[in-house]
Amino acid sequence: MRAMVYRGPYKIRVEEKDIPKIEHPNDAIVRVTRAAICGSDLHLYHGMMPDTRVGTTFGHEFIGVVHEVGPSVENLAVGDRVMVPFNIYCGTCYFCRKGLYSNCHNVNPNATAVGGIYGYSHTCGGYDGGQAEFVRVPLADVGPSIIPEGLHDEDALLMTDALATGYFGAQLGDIVEGDTVVVFGAGPVGLFAARSAWLMGAGRVIVVDHLDYRLQKAREFAFAETVSFTEVDDIVLELKKQTDWLGADVVIDAVGAEADGNLVQHITAAKFKLQGGSPVALNWAIDSVRKGGTISVMGAYGPLFSAVKFGDAMNKGLTIRTNQAPAKRQWPRLLEHIQAGRLSPRDIITHRIPLEHIADGYHLFSAKLDNCIKTVITTN
Ligand SMILES: NC(=O)c1ccc[n+]([C@@H]2O[C@H](COP(=O)([O-])OP(=O)(O)OC[C@H]3O[C@@H](n4cnc5c(N)ncnc54)[C@H](O)[C@@H]3O)[C@@H](O)[C@H]2O)c1
Ligand SMILES: [Zn+2]
Ligand SMILES: [Zn+2]
């Protein structure tokens, strides 16, 4: 089969690989029909994620058709169209029983924090991902769901990560009716978080980024007010000014460890790896939320120390809520919103690229060229 293969930072290729085999009775092999490139894949692509091994295949946002099932699989049959949440999880451990699917204890030998994620390095279990013609889906009775009749493939695809994560980001903000919600980052996760904030009762939604074409999307798709952080002297002051000098009730970080906006932080984190990530967006969140407010962190960070203003967070009495999204937990509500016509997730897709040209897809998305927001990878 053809598969995206990692060869080192900024180097990916499409190569021939063996079609994965059933390794456990509850495995399924899925023929991938659509995959996407996530902002999290960029951390891998940039060499930011520890233990990203040469030869592995990325891709944790995908849908497909069941090609083969192991002998104990009961919920899926060959030929079913399935959407597969980006988390791999057992469904029965202490953490899964609490709904913390992204923190499953049984799927990753390094599972002190994160559980299993498809195509996300050996730090997340070492599973190959879905940017390929076929993918092995472990615990096939637990994660995947049959795509409901009438749901568009691209909407189903976005439910497997970006949409579920944005929605979860808004949920973790504990938004109360009328709240002012600030979202840092106008990528797919930020756009979906901003849109979801309205569904949860927000009174105002403000999106911050520095890419004008993405801010325009935030206005059109997420009906948000927008601020470009490069067009104001001090983004924190600007947000305070816009929120009666008190600060926002809720701030969502949809940027993560590769945040721009402060050269020193960017260089010490991204270039010299002296920090687990650039804490710029997180620190702006801490500074621009009001005292007693809530910060929801969807942006991904590495495990190492970063210069986060934790003392300010403590002394302001903030609630900080975080996690990798347990994607499947959001599906029932998201389906309702899509089926009721309140949400058309695929409106954020800007590029559709054949698997064979996936390297171009990574380059476009990484360098934010050609007004790229979300790229879908198509297979034959
Ligand atoms: N928690 C989860 O389950 C989960 C799931 C998916 C993605 N993520 C993470 O969410 C983050 C966003 O993902 P995405 O797909 O939207 O990525 P993306 O790269 O498309 O979007 C990030 C956006 O942040 C903007 N940005 C950079 N620095 C900023 C700053 N200081 N302030 C405001 N905006 C800034 C960029 O210009 C870009 O538009 C990534 O860190 C990704 O790893 C987490
Ligand atoms: Zn992702
Ligand atoms: Zn589990």
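Refer to the structure presented above.
Computed from a predicted model, the values in this text were never measured in an experiment.

Engineer: How should I be thinking about the overall build of the protein in this particular structure?
Structural biologist: Along the backbone of the protein there are twelve helices and 17 strands. Oriented by its inertia axes, the alpha-carbon framework of the protein measures out at about 60 × 45 × 40 Å. Residues classed as buried in the protein amount to 59% of the 380 residues present. Residue pairs at least 24 apart in sequence account for 71% of intrachain contacts in the protein once pairs closer than 6 positions are excluded. A total accessible area of about 15500 Å² is found for the protein, and carbon and sulfur atoms account for 51% of it.

Engineer: Can you walk me through the coordination of the zinc ion (ligand 3) in this structure?
Structural biologist: Geometry reference: four tetrahedral donors at a metal, ideal angle 109.5 degrees. Six octahedral donors, ideal angles 90 or 180 degrees. Around the zinc ion (ligand 3), the protein contributes the donor atoms C90 (SG), C93 (SG), C96 (SG) and C104 (SG), at 2.3 to 2.4 Å from the metal centre. The coordination sphere of the zinc ion (ligand 3) comprises four donor atoms, whose angles at the metal cover 102 to 117°; the geometry is tetrahedral. Ordering the donors of the zinc ion (ligand 3) by residue number gives the pattern C-x2-C-x2-C-x7-C. Here C90 matches C96 in class, with each residue buried.

Engineer: What's the story with the packing of aromatic side chains in this structure? I'm lost.
Structural biologist: With the rule as written, the count across this model stands at ten aromatic pairs. Seen in terms of ring centroids, F184 and W284 are 6.0 Å apart; in terms of plane orientation they differ by 40°. Their pairing is tilted. With F184 in strand β10 (residues 180–184) and W284 in helix α9 (residues 280–288), the pair connects residues that are 100 residues apart, well separated along the chain. Per residue, the accessibility class of F184 equals that of W284, and both read buried. Residues F229 and W284 carry aromatic rings whose centres are separated by 5.0 Å and whose planes lie at 65° to one another, so their mutual orientation is edge-to-face. Separated by 55 residues along the polypeptide, F229 in the loop between β12 (225–228) and α7 (235–241) and W284 in helix α9 bring together distant segments of the chain. Residue F229 shares its accessibility class with W284, and that shared class is buried. Ring pairs connect the aromatic residues Y6, Y10, Y45, F58 and Y362, which therefore count as one cluster.

Engineer: I'm lost on α9 in this one. Help?
Structural biologist: Side chains that are three or four residues apart share a direction in an α-helix, a result of its 3.6 residues per turn. The buried fraction of α9 amounts to nine of the nine residues, a majority that puts the element mostly inside the structure. Lining the buried residues of α9 we find β10, α7, β13 (248–253), α8 (263–271), β14 (289–297) and α10 (310–315).

Engineer: Would you mind going over the coordination of the zinc ion (ligand 2) with me for this structure?
Structural biologist: Around the zinc ion (ligand 2), the protein contributes the donor atoms C38 (SG), H60 (NE2) and D161 (OD), which lie 1.8 to 2.2 Å from the metal centre. Summarised as a motif, the one-chain spacing of the donors to the zinc ion (ligand 2) is C-x21-H-x100-D. Here C38 is found in the loop between β3 (28–37) and α1 (39–45), whereas its partner D161 is found in the loop between α3 (153–159) and α4 (162–172), with 123 residues between them in sequence. Note on C38: relative accessible area 5%, which makes it buried.

Engineer: Help me understand the sheet that holds β10, please; the structure alone is not making it clear to me.
Structural biologist: Picture the strands of a sheet paired through backbone hydrogen bonds; they go either parallel or antiparallel. If you walk across this open sheet you meet the six strands as β12-β11-β10-β13-β14-β15, and the pairing is parallel. Pairing within the sheet leaves two strands with one partner each, and these edge strands are β12 and β15 (319–322). The sheet shows a mean angle of 20° between the axes of neighbouring strands, direction not considered. The strands touched by helix α6 (residues 212–222) within the sheet are β11 (204–209) and β12, with β12 carrying the most contacts at an inclination of about 165°. α9 contacts β10, β13 and β14 of the sheet and is inclined by roughly 150° relative to β14.

Engineer: How should α4 be read in this particular structure?
Structural biologist: Among the eleven residues of α4, ten are classified as buried, and the element is accordingly described as predominantly covered. Of all the positions in α4, only A162, L163, A164, T165, G166, Y167, F168, G169, A170 and L172 are classed as buried. Looking at the packing, one finds that the buried side of α4 touches α3, α5 (188–199), β13, β14, β15 and α11 (331–339). Remark: D174 follows α4 within two positions and exhibits a positive phi of approximately 45°.

Engineer: Is there a simple way to explain the environment of G293 in this structure?
Structural biologist: In this structure, G293 sits in strand β14. C-alpha separation for the pair G293 and G116, spaced 177 residues apart in sequence, amounts to 31 Å. Not counting chain neighbours up to four residues away, the residues in contact with G293 comprise D249, G317, L318 and T319.

Engineer: Explain the side chain of D161 here, please?
Structural biologist: For the buried D161, which has no salt bridge, the nearest side chain bearing the opposite charge is K374, at an N-O separation of 6.0 Å. Beyond its immediate sequence surroundings of up to four residues, D161 is in contact with C38, H60, E61 and F86.

Engineer: Just to check I follow, could you spell out the pairing of strand β2 (residues 11–16) for this structure?
Structural biologist: Residues in a regular strand project their side chains so that they alternate between the two faces of the sheet. Pairing analysis gives six bridges linking strand β1 (residues 2–8) to β2, with the strands arranged antiparallel. Residue pairing in the sheet places Y6 in a bridge with I12 of β2. The loop that links β1 with its antiparallel partner β2 comprises two residues; one of these, Y10, has a positive phi angle of about 65°.

Engineer: What is the right way to look at unusual backbone geometry in this model?
Structural biologist: Of all residues except glycine, most have a negative phi; of all peptide bonds, most are trans. Even without a glycine there, the phi angle at W245 is positive, about 65°. By the element assignment, W245 lies in the loop between α7 and β13. The backbone of K368 shows a phi angle near 50°, a positive value even though the residue is not glycine. Its place among the elements puts K368 in the loop between α12 (358–366) and β17 (375–378). With relative accessibility at 26%, the residue K368 sits in the partly exposed group.

Procedures and definitions
- Residues numbered from 1 in each chain as written.
- Chains lettered and ligands numbered in written order.
- Predicted model: local features only at pLDDT ≥ 70, side-chain atom pairs only at ≥ 80, totals over all residues.
- Heavy atoms only, no water.
- Helix = DSSP H or I, 4+ residues; strand = E, 2+ residues; numbered from the N terminus.
- Buried < 20%, exposed > 50% of the residue type's maximum accessible area, 1.4 Å probe, protein only.
- Contact = heavy atoms within 4.5 Å.
- Areas by Shrake-Rupley, 256 points an atom, 1.4 Å probe, with all protein chains shown as cover.
- Donors = N, O, S within 2.8 Å, 3.2 Å for Na, K, Ca; no water.
- Tetrahedral: all angles 85-135°; square planar, octahedral: opposite > 155°, others 65-115°.
- Phe/Tyr/Trp six-rings, centres within 6.5 Å; stacked < 30°, edge-to-face > 60°.
- Pairing = 2+ DSSP bridges.
- Axes fitted to C-alpha atoms, helices over the stretch in contact; angles between N-to-C directions.
- Lys, Arg positive; Asp, Glu negative; His and termini not counted.
- Salt bridge = Lys/Arg side-chain N within 4 Å of Asp/Glu carboxyl O.

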